[in-house]
Amino acid sequence: MLDVTGRHPATVHLARFFTFDHLPEPMRTISAYSYHLAEAMIRELPDGTELTTGLRKLLEGKDCFVRAALPPDGEGGAA
């Protein structure tokens, strides 16, 4: 879990969506890349509208990347 101690509620809210341990491979690895970027941005940047917007857009991108890693129509491999 990302360290969001003392952070703005919007940052805390978005940070929880970057967890990846519950995902199977290869989606776990793909999601982990976004987690680590979110972690760095939360660590390096102050709370504010730009951080919140950036995290929201990163989350949207992460969701797309994870969906791209889903097996096609019940098959065992990635698309």
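Residues numbered from 1 in each chain as written. Predicted model: local features only at pLDDT ≥ 70, side-chain atom pairs only at ≥ 80, totals over all residues. Heavy atoms only, no water.

**Student:** Kindly report on the nonpolar core, identifying the contributing residues and their values.
**Tutor:** Among the nonpolar cores identified, the biggest contains 18 residues, and L2, F18, A38, I42 and L55 are the most heavily contacted of them. Setting aside residues no more than four positions away along its own chain, L55 makes contact with T11, L14, F18, A38 and I42. (Core = buried A, V, L, I, M, F, W, Y, C linked by side-chain atoms within 4.5 Å. Buried < 20%, exposed > 50% of the residue type's maximum accessible area, 1.4 Å probe, protein only. Contact = heavy atoms within 4.5 Å.)

**Student:** Hey, could you go over helix α3 (residues 49-68) for me, with residue numbers and the actual values?
**Tutor:** For the α-helix, the turn length of 3.6 residues means that residues three or four positions removed from each other point alike. Spanning 20 residues, α3 covers 29 Å between terminal C-alpha atoms, matching the ideal 28 Å at 1.5 Å per step. Those residues of α3 that are buried are in contact with α1 (9-15) and α2 (27-44). (Helix = DSSP H or I, 4+ residues; strand = E, 2+ residues; numbered from the N terminus. Expected span 1.5 Å × (residues − 1).)

**Student:** Please give an account of the packing of aromatic side chains that cites residues and values.
**Tutor:** Counted under the stated rule, the structure contains 1 aromatic pair. Here the aromatic rings of F20 and Y35 are separated by 5.1 Å at their centres, their planes lie at 70 degrees, and the arrangement is edge-to-face. Of this pair, F20 sits in the loop between α1 and α2 while Y35 sits in helix α2; the two residues are 15 residues apart in sequence, bridging distant segments of the chain. No difference in accessibility class separates F20 from Y35, as the two residues are buried. (Phe/Tyr/Trp six-rings, centres within 6.5 Å; stacked < 30°, edge-to-face > 60°.)

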